[in-house]
Amino acid sequence: QSALTQPASVSGSPGQSITISCTGTSSDVGGYNYVSWYQQHPGKAPKLMIYDVNKWPSGVSNRFSGSKSGNTASLTISGLQAEDEGDYYCSSYTTSSTYVFGTGTKVTVL
Amino acid sequence: QVQLVESGGGVVQPGRSLRLSCAAAGFTFRSSGMHWVRQAPGKGLEWVAVISFDGGDRYYADSLKGRFTISRDNSKNTLYLQMSSLKAEDTAVYYCARGGSFDNWGQGTLVTVSS
């Protein structure tokens, strides 16, 4: 159950697009379309942003989009806004019927 | 709306036990799988355990090595996490979360393991 690998930080200017990667193995990310993404602001609980690789929960902006290729999933934030600053985590279901989170990515809006 | 409220955290000595609770409201608890997730201070999220809607299936993170037990009482709309043989590295905010995609989260309860 090794954590999924994410870049430690990603930054962009307002209005730009950024992409966060989430790399696992064929036993988790590559094996299932059960990848989700979460946004967490300091001192707050995580919030679901994308589920099942590319689906939006109710109320989440379509500026957030997800995709997957092989063992790597990606979250793209388009039209970057100041409120998008925070930490982002991916998660995946695994072959052991367990779950694993990514290492987390700090997003900075310049 | 969905509400998840954790309780039971606090300061506990190494080697002791603690039970966390998560009171659920605003959805059909008895139909939902539930998780515990923890976050050590300044660190990332770590999945702890999941329990199926009826409690029949339970899975745990390998790192816990049998020290934690997840359970639920559907008559009380409450999820539990029994933690034993606590170690300093178990110090974290513990969150409960609903559903296979961690659709909703509670505000968390802080557990500090210290002598």
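Below or above, wherever it landed, is the structure these notes cover. Not measured: the values here are computed from a predicted model. (Residues numbered from 1 in each chain as written. Chains lettered and ligands numbered in written order. Predicted model: local features only at pLDDT ≥ 70, side-chain atom pairs only at ≥ 80, totals over all residues. Heavy atoms only, no water.)

Some remarks on the sheet that holds strand S6 (residues 72-77) of chain A
Residue and element names in this part refer to chain A. Pairing within the open sheet is antiparallel, and its 3 strands lie in the order S2-S6-S5. Each having just a single partner strand, strand S2 (18-23) and strand S5 (64-69) make up the two edges of the open sheet. Going across the sheet, the axis of each strand differs from the next one's by a mean of 20°, ignoring polarity. As judged from the 6 bridges shared by S5 and S6, these two strands associate in the antiparallel manner. By the bridge assignment for S6, Gly-66 is matched with Leu-75. (Pairing = 2+ DSSP bridges. Helix = DSSP H or I, 4+ residues; strand = E, 2+ residues; numbered from the N terminus. Axes fitted to C-alpha atoms, helices over the stretch in contact; angles between N-to-C directions.)

Description of the pairing of strand S1 (residues 3-7) of chain B
Residue and element names in this part refer to chain B. Of the two faces of S1, only one is covered, namely that formed by Leu-4 and Glu-6; the face formed by Gln-3, Val-5 and Ser-7 stays uncovered. The sheet contact formed by S1 and strand S3 (residues 18-25) spans 5 bridges and is antiparallel. Residue pairing for S3: Gln-3 is matched across the bridge by Ala-25. (Buried < 20%, exposed > 50% of the residue type's maximum accessible area, 1.4 Å probe, protein only.)

Some words on the sheet that holds S1 of chain B
All names here are of chain B. Taken in spatial order, the 4 strands of this open sheet run S1-S3-S8-S7, and their pairing is antiparallel. Each edge of the open sheet is held by one strand with a lone partner, namely S1 and strand S7 (68-73). Averaged over all adjacent pairs, the angle separating strand axes in this sheet is 15°, with direction ignored. Two elements, S3 and strand S8 (residues 78-83), share 6 bridges in a ladder whose sense is antiparallel. Within the sheet, the bridge partner assigned to Leu-18 lies in S8 and is Met-83.

Function cannot be inferred from these measures alone, as they are strictly geometric.
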